[in-house]
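Reading the structure
As a plain string of letters, each chain reads:
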Amino acid sequence: MASSGHSDLGEVTSEIKASERRTAVAIADLEWREMEGDDCEFHYGEGPNEAQDNDFPIEERSRLQEMLFLLGLETYQTQKLSLQDALQISSDSMKNWAPQTPKDLPWNFLRKLQALNAEARNTTMVLDLPLDTRPVEKESQMEEEIIYWDTAEDISADIYSFSELPTPDTPVNPLDLLCALLLSSDSFLQQEIVSKMSLCQFALPLILPDPENHYHTFLLWAMRGTVRTWGSQPPRVMGSFREDSMVLSRAPAFAFVRMEVSSNSKSQLLNDVLSPGHRQQDCFWHRDLNLGTNPREIADGLVEISWFLPSGREDLDIFPEPMAFLNLRGDIGSHWLQFKLLTEISSAIFILTDNISKKEYKLLSSMKGSATKYYFILSPYRGKRNTNLRFLNRLIPVLKMDHSHVLVKVSSTDSVGFVRRVRAIITHVTRSPCRRVSVEDMANAARKLGLKVDEDCEECQRAKDRMEQITRKIKDLDAYRRDELRLQGETWRKVAQVEKELCQIQWASDPPEKYRAELRHRLLELRMQQNDHDPSWGVQEFISGISSPSLGEKQYFLKWMEWGLARVAQPRPRPSPEMIFTLRPKHCGAVDFSEPFWPEPLGVEHFLREMGQFYEAESCLVEAGKLPAGQRRFAHFPGLALELLLKGLPLELIDGNTLSPALRWVTGLLKELHVRLERRSRLVVLSALGVPGTGKSTLLNTMFGLRFVTGRGRGPRGAFMQLIKVAESFSQDLGCDHILVIDSGGLIAGVRTEAGERFEREASLATLIMGLSNVTVVSLAETRNIPPAILHAFLRLEKTGHMPNYQFVHQNLHDVSALGSKPRDRRQLLDQPSDVGRATVQMEKQGDGIQTLADLAFWDPEKQHIWHIPGLWHGVPPMAAVNLAYSEAIFELKRCLLENIRNGLSNQNKNIQQLIELVRRL
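Positions within a chain are numbered from 1, following the residues in the order the chain's sequence is written. Given that the model is predicted, a residue must reach a pLDDT of at least 70 before its local features are reported, and side-chain atom pairs must reach 80 or more before they are shown or counted; all residues, however, enter totals for whole chains, interfaces and linings. The side-chain figures draw on all heavy atoms in the structure; neither hydrogens nor water molecules are used.

Put simply, the test is: UniProt positions are given in the numbering used here, feature names are shortened, and annotations may be inferred rather than shown by experiment.
Under the annotation held in UniProt, the protein chain carries the name Up-regulator of cell proliferation and is attributed to Bos taurus. UniProt, in the comment section headed Function, describes the protein chain in these words: "May be involved in cell cycle progression through the regulation of cyclin D1 expression." UniProt annotates the protein chain under Sequence similarities with the comment "Belongs to the TRAFAC class dynamin-like GTPase superfamily. Very large inducible GTPase (VLIG) family."

Encoded structure:
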């Protein structure tokens, strides 16, 4: 059998007999619709290709282009839609509106997906027509009847006249919307879409059909960012939770496909198989969902994938191990290449059909010798029963089946019992020797069949090769840090200590000049030691990677570095969520992270930190006159880092190891930003502070589509910043051109150590971050307890009069029933000081008059300062559904923040030059 595209024998056969099969399928479907109603698993227009090759592209090109035009995506076919386009702030960011035209649908989908909204796939439109243009109901019904009967009388002329493209007031099938949007997006937006869909527990696109070019794409790159965590059985102990990329993790795969017409919805069956008994999980869009019966126009041939992942609890888990489930949209006769791939990667395939025709029998017979197990799910009373039995008896020896491989499901079948039987078959298959495949394995099989793999472009492969050259030399993380990242060792810690002392004596009433001179001399010596080094080979390769003239290659390289460094990191045990949640707090309702529970992983930020230290050392020597400006080697480093910031990479603002800001490096970045943005340099700074594990990074990512690392104990400990663009059409109204978002990361431990030194440093850094901010979100571990370092920062800022607009957020990480703001909890926060709060106030020498936030002059109890956010998950992860209330609460918080910025309730908005000066002063 041929191995690619049009040359595939099955596809050619399908094309030759297109007219005959199309008519037969349509008539059979019409008969079924009369008896049962509509079926989203079969649609007019999804049949095989036209009889001649040159006819197919003409018809399908028009269909695809019309769909793109309908959705307003036709302009993104040459210049693809980018992640930055999708994330910029516009006036729509403040509206919780329903789409009114098809052109609103792509943007509505992206906004809701970014917010982890479980209803993102809903393409219902609310028409907003003037009263005089709205059709009278009776006339509308009469027109429908005329169209129906005119079409019915002319069935012989064009059986596919029912499959007209959607009109501006006809809902679009959600799968068509997804395919059109992916075809219009660049590789990095595709990856973001797939990653967010995974978080929403939606089935992910694995093979993207391209009806215009007939060149389907396996989305390996788009799947790369999908990382999940799951448990194992028997009951968990420390280290029994595994976190891995779904591209690399191997699992048995089970495919569900349709042959011609099926009365049973395979997508609904898949959802039933994946759902626990008490809650329906709609991973796969199906006919019974809203708009599920709308005809698909361009999505046939799409292959979706979803996983079952165990929690480690036998009472909850349907299966004891991870399993992949694949779903082919459309008929296997029309998409033989995709079906052929499924036969090569699946442990078992379930074929849903009402009829087995002679043609399908011949095609299935060609699967002889396959290691895949085949199961048929029939509705015999709706098809030709005797014909089905005859062909099944012939297929049984060919496909190595027996009669237990044939399941019958009719309307009277007990659905719960049937699903239980399918699960038992799947479990039985996995207990016997069966193939286990990763998505990478699937991509390799797709290449052999001639499918395009998105990751095979030259830019992506060059970036991957460079990453592998760097990571191949990392054998031991501690040794690599010591030998390759030399400027971040003991010398940098000494530099940070000296700079801290210089800062302290700067504010002394009578600073000792001799001691100041000694500190400056010591600082220059340390900086000269740093400057004597050259960047190591690994750092030089990293710099070459981010210096590539190709913007695409640069972005590919950064992504590959993130994943490559994660793979070479030393394995460390990962506790279960219960173990994390039961770590008892020492103070203030938060776990003690003053001494990190996990070692900081090696990441891209360490290479950028090394570049920052080279720049810092050189700048210090130039300022002191120890190095001529003409001999600078690293002056271009801030420009390289800025390119990454503009493309959405978070950059480190405060080093988490030394708890120190690299002042010259940060100001160098901001100066480059000022030059690059030119007239659009008005900034609002929005920060989020809180102890690790309170959900602040997830909150920022959900609100604005950012990339801050989430997960307690997994991310870097420093504070990071990321830039969001404001649309030019909205910048005048909002009062700024960009929003600089700062995530405090793991800087705030939430406890006060006995020595107090770390606490003082945390309080100073919290003061720095809040002092830079126009708006601050404080994420609380418990409703009534504010981290002492943050309360300390409030006290300091109250003295200066520089108080940001602030919002306190309590995220209920365990209970999804926490909705709205609770007055009782608010009073607890206002009125009940903790011991640490009292100690903090005493340290600031404020006396006993101020013990809680309610005692502070800036506090206004009449304004809404406290938000209660319900939990993200409905149920027990990893198979829990996302909580719609979480997304809605995050949207309301986002709207409040933007409203405060627009109404001038935050500190006066800054330009970048003012921000640079503020960084220096603070």
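**Some remarks on the overall build of the protein chain**
Counted only if it meets this: Labels follow the DSSP assignment, with helices taken as runs of H or I lasting at least four residues and strands as runs of E lasting at least two, numbered in each case from the N terminus. Relative accessibility thresholds used throughout: buried, under 20% of the residue-type maximum; exposed, over 50%; partly exposed, between the two (1.4 Å probe, protein chains only). Note on definitions: a residue-residue contact is assigned when non-hydrogen atoms from the two residues lie within 4.5 Å. Every accessible area reported is derived by Shrake-Rupley at a probe size of 1.4 Å, with residue values counting cover from the shown protein chains alone.
In terms of helices and strands, the protein chain carries 33 helices and 22 strands. Every one of the 922 residues in the protein chain was classed for burial, and the buried ones make up 57%. The contacts in the protein chain between residues at least 6 apart in sequence include a share of 79% that link residues at least 24 apart. Carbon and sulfur atoms make up 50% of the accessible area of the protein chain, which totals about 38,500 Å².

**Notes on a positive patch on the surface**
Our working definition: Patches draw on residues past 30% relative accessible area with no salt bridge. Two like charges within 9 Å are joined, as are two nonpolar side chains (Val, Leu, Ile, Met, Phe, Trp, Tyr) within 5 Å. Throughout this description, the term salt bridge denotes a Lys or Arg side-chain nitrogen within 4 Å of a carboxyl oxygen of Asp or Glu. Positive charges come from Lys and Arg, negative ones from Asp and Glu, while His and the chain ends are left out of the count. Every charge is mapped onto a representative atom, which is NZ of Lys, CZ of Arg, CG of Asp or CD of Glu.
Taken together, the side chains of Lys358, Lys362, Arg390 and Arg394 make up a positively charged region of the molecular surface. Those elements that provide at least two residues to the positive patch are helix H12 (358–365) and helix H13 (385–398). Judged by relative accessible area, which is 41%, Arg390 ranks as partly exposed.

**Side note on the packing of helix H25 (residues 663–677) against helix H33 (residues 912–921)**
Heads up, the condition is: Axes here refer to lines fitted to C-alpha atoms; in helices the fit is confined to the stretch in contact. Angles between the N-to-C directions go from 0 to 180 degrees. Any angle from 65 to 115 degrees is called roughly perpendicular, while one under 35 is roughly parallel, one over 145 is roughly antiparallel, and all others are oblique.
For the pair H25 and H33, the least separation of the axes is 9 Å and the interaxial angle reads 175°. One way to sum up the angle between H25 and H33 is to call them roughly antiparallel. On H33, the residues that touch Leu663, Thr667, Leu670, Lys671, Leu673, His674 and Leu677 of H25 are Ile912, Gln913, Leu915, Ile916, Val919 and Arg920.

**With respect to the pairing of strand E1 (residues 204–208)**
The condition is simple: Two strands pair if DSSP finds at least two bridges between them.
Most of E1 is tucked away, with five of its five residues classed as buried. Where E1 lies against strand E6 (residues 303–308), three bridges are found, and the strand directions are antiparallel. Opposite Ile207, over in E6, you have Val303 as the bridge partner. Relative to strand E2 (residues 217–218), E1 is paired through two bridges, and the arrangement is antiparallel. From the neighbouring strand, Leu208 faces E2, where its bridge partner is Thr217.

**Digging into the side chain of Thr471**
Summarising the element assignment, Thr471 is placed in helix H16 (residues 458–471). For Thr471, a relative accessible area of 10% translates into the label buried. The residues contacting Thr471, other than those within four sequence positions of it, are Gly564, Leu565 and Val568.

**Regarding the sheet that holds strand E11 (residues 452–453)**
On the basis of which strands lie adjacent, the open sheet formed by nine strands has the order E10-E9-E8-E5-E7-E6-E1-E2-E11 and mixed pairing. Lying at the two open borders of the sheet, with one neighbouring strand each, are strand E10 (406–408) and E11.

**Comments concerning helix H26 (residues 696–704)**
With eight of nine residues buried, H26 lies mostly within the body of the structure. Every buried residue of H26 is accounted for by Lys696, Ser697, Leu699, Leu700, Asn701, Thr702, Met703 and Phe704. Phi turns positive one or two residues past the end of H26, at Gly705, with a value near 70°.

**Re the packing of aromatic side chains**
Spelled out, the test is: Under the pairing criterion, centres of Phe, Tyr and Trp rings, with the six-membered ring standing for Trp, must be within 6.5 Å; the plane angle then separates stacked pairs below 30 degrees from edge-to-face pairs above 60, leaving the rest tilted.
Applying the stated criterion across every chain, the model contains 23 aromatic pairs. Note on Phe188 and Tyr556: the rings are 4.8 Å apart at their centroids and 50° apart in plane angle, and the pair reads as tilted. Here Phe188 is found in helix H8 (residues 187–199), whereas its partner Tyr556 is found in helix H21 (residues 551–568), with 368 residues between them in sequence. The class of Tyr556 is buried, set by a relative accessible area of 4%.

**Some remarks on the confidence of the model for the protein chain**
Let me state the cut-off plainly: Confidence scores per residue from the predictor, reported as pLDDT, run from 0 to 100.
Of the residues in the protein chain, 75% have a pLDDT of 70 or more, and the chain-wide mean is 79. Predicted confidence for residues 129–163 stays below pLDDT 50, and this span has 19 contacts to residues more than four positions away or in other chains. Across residues 815–850 the pLDDT falls below 50, and counting only partners more than four positions away or on other chains, this stretch makes 71 contacts in the model.

**As for the nonpolar core**
The following threshold applies: In these notes, a set of buried Ala, Val, Leu, Ile, Met, Phe, Trp, Tyr and Cys residues joined through side-chain atoms within 4.5 Å is what counts as a nonpolar core.
Counting 152 residues, the largest nonpolar core has Ile193, Phe218, Phe325, Leu326, Phe376 and Ile739 as the members making the most contacts within it. In this structure Ile193 touches Phe109, Leu110, Leu113, Leu178, Leu181, Leu182 and Ser185, once residues within four positions along its chain are discounted. Counting residues in hydrophobic clusters, the runner-up holds 86 residues, among them Met467, Val539, Phe637 and Leu644.

**Details of the environment of Leu110**
Take Leu110: it is sitting in helix H5 (residues 105–114). Look at Leu110 and you get buried, because its relative accessible area is 9%. Placed 24 residues apart in sequence, Leu110 and Ala86 show a C-alpha to C-alpha distance of 7.0 Å.

**Let's talk about the pairing of strand E14 (residues 682–690)**
Among the nine residues in E14, eight count as buried, and that is most of the element. Where E14 and strand E22 (residues 910–911) come together, two bridges link them in antiparallel fashion. What sits directly across from Leu683, in E22, is Lys910. Relative to strand E16 (residues 738–743), E14 runs parallel, the two sharing six bridges. Counterpart to Val685 in the pairing with E16 is Leu740. As paired elements, E14 and strand E17 (residues 775–780) share five bridges and run parallel to each other. Residue pairing in the sheet places Leu686 in a bridge with Val775 of E17.

**What about the packing of H16 against H21?**
We count it as follows: Two helices crossing with the near one rotated counterclockwise from the far one by less than a right angle form a left-handed crossing, whereas a clockwise rotation gives a right-handed crossing. The residue classification treats Ala, Val, Leu, Ile, Met, Phe, Trp, Tyr, Cys and Pro as nonpolar and Asp, Glu, Lys and Arg as charged. All others, Gly included, are polar.
Where H16 meets H21, the axes come as close as 8 Å, and the angle between the chain directions of the two elements is 35°. Two packed elements cross with a definite hand, and for H16 against H21 that hand is right-handed. On the side of H16, the interface is formed by Glu459, Cys460, Arg462, Ala463, Lys464, Arg466, Met467, Ile470 and Thr471, while H21 contributes Gly552, Glu553, Tyr556, Phe557, Trp560, Met561, Gly564, Leu565 and Val568. Tallied by class, the residues present in the contact of H16 with H21 amount to ten nonpolar, three polar and five charged.

**A few points about the environment of Phe891**
Inspection of the secondary structure puts Phe891 in helix H32 (residues 884–902). Given the relative accessible area of 17%, Phe891 is considered buried. Here the alpha-carbon distance between Phe891 and Met94, two residues 797 residues apart in the chain, equals 8.2 Å. Sequence-distant contacts of Phe891, defined by excluding residues within four places in its chain, comprise Ser93, Met94, Lys95 and Asn96.

**Thoughts on the side chain of Asp300**
Spelled out, the test is: Under this definition, polar contacts are N or O atom pairs within 3.5 Å; protein pairs additionally need one hydrogen-donor-capable and one acceptor-capable atom, and for neighbouring residues in sequence, both atoms have to be side-chain atoms.
Within the secondary structure, Asp300 sits in the loop between helix H10 (266–274) and E6. A polar contact is formed between the side chain of Asp300 and the side chain of Arg296, at a distance of 2.7 Å.

**Brief notes about the pattern of salt bridges**
Scanning the entire structure with this criterion turns up 36 salt bridges. The partner of Arg462 in a salt bridge is Glu553, and the shortest N-O contact between them spans 3.0 Å. Of this pair, Arg462 sits in helix H16 while Glu553 is found in helix H21, placing the two residues 91 residues apart along the sequence. Taking relative accessible area as the criterion, Arg462 reaches 39% and is therefore assigned partly exposed.

**Looking at unusual backbone geometry**
Following Pro877, the chain continues to Pro878 via a peptide bond in cis, the omega torsion being 10°. A positive phi angle is found at Leu116, which is not glycine, with a value near 55°. Tracing the sequence through the fold places Leu116 in the loop between H5 and helix H6 (137–153). On the accessibility criterion, Leu116 (4% relative accessible area) is buried. Its identity is not glycine, yet Lys400 carries a phi of approximately 55°, on the positive side.

**Examining H8**
Put simply, the test is: Helix span, expected: 1.5 Å multiplied by one less than the number of residues in the helix.
Taking 1.5 Å of rise per residue, the 13 residues of H8 would be expected to cover 18 Å, and the 19 Å separating its terminal C-alpha atoms lies within 8% of that figure. Most of H8 sits out of view: eleven of its 13 residues are buried. Here H8 has its buried residues at Ser187, Phe188, Leu189, Gln190, Gln191, Glu192, Ile193, Val194, Lys196, Met197 and Ser198. Following H8 by one or two positions, Gln201 has its phi on the positive side, about 65°.

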